[in-house]
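Per-entry structural report
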Amino acid sequence: MPDQTQSHYHDIASIAAKFPDTAETILVDTYLSDEPEASARVFKIFHPLPAHFHRNCDEHLYLYSGELLFQIGDDEPRVLTPGQLITFKRDTVHAILEVRKEPAIFVSFDTPRRAPDDVTFVAPNPGDRQFVSPLSDYL
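The structure presented is a predicted model; accordingly, all values stated were derived computationally and were not measured. (Residues numbered from 1 in each chain as written. Predicted model: local features only at pLDDT ≥ 70, side-chain atom pairs only at ≥ 80, totals over all residues. Heavy atoms only, no water.)

Once that is clear, we can look at the pattern of salt bridges. Oppositely charged side chains can pair when the atoms bearing their charge come close. Going through the model one piece at a time under the given rule, you end up with seven salt bridges. Note that D34 and R113 form a salt bridge whose closest N and O atoms lie 2.4 Å from each other. You can see D34 sitting in strand β1 (residues 27-34) and its partner R113 sitting in the loop between β7 (94-111) and β8 (120-121), a full 79 residues away along the chain. On the basis of relative accessibility, which here comes to 30%, the residue R113 falls in the partly exposed class. D110 serves as the salt-bridge partner of R114, at 3.9 Å between the closest nitrogen and oxygen. Per residue, the accessibility class of R114 equals that of D110, and both read buried. Counted as one network, the salt bridges with shared partners bring together D58, K89 and R90. (Salt bridge = Lys/Arg side-chain N within 4 Å of Asp/Glu carboxyl O. Helix = DSSP H or I, 4+ residues; strand = E, 2+ residues; numbered from the N terminus. Buried < 20%, exposed > 50% of the residue type's maximum accessible area, 1.4 Å probe, protein only.)

Formed by 16 residues in total, the largest nonpolar core has its most connected members in I45, L68, F70, I96 and F106. Put simply, the parts of the chain that give this core at least two residues each are β2 (39-45), β4 (58-72), β6 (85-88) and β7. Non-local contacts of L68, meaning those with residues more than four positions away in its chain, are made with I45, L63, R78, V79, L80, I96, E98, V99, R100, A104 and F106. Counting residues in each nonpolar core, the second largest holds twelve residues, with I15, V28, L32 and V107 among its members. (Core = buried A, V, L, I, M, F, W, Y, C linked by side-chain atoms within 4.5 Å. Contact = heavy atoms within 4.5 Å.)

Overall, the prediction assigns the protein a mean pLDDT of 86, with 86% of residues at 70 or greater. Per-residue pLDDT stays below 50 along residues 128-139; that stretch engages in 28 contacts with residues further than four places along the chain or on separate chains. (pLDDT = per-residue confidence, 0-100.)

This is the structure in structure tokens:
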């Protein structure tokens, strides 16, 4: 039965505390909302994320904690610190080149909804690591 609640409160700190300390996967995440118009999630990134883009949504990334080296397209990489927000349109290539300080936690908003499989890597083989692992694997 679908959730008919019109509003929700989310405690990002308590969600982030449930993520594992380490993972073989690039990231772990949990969805806060998942509607056709938009989705929101919290994710912890453990390893560099190869250059990729999303075909079906614009992305808004708020860095809640940690420090990363982030690149959009051919722009110079930038160091991201907590409190910074990045926004970009669908089909924009982006990558996390280095996780500098942990825990690196993002709050992500995608419009319209980003399906979990809406990830197109620029390189044909992004590596041996699995891209995502559901939070439920760690609870």
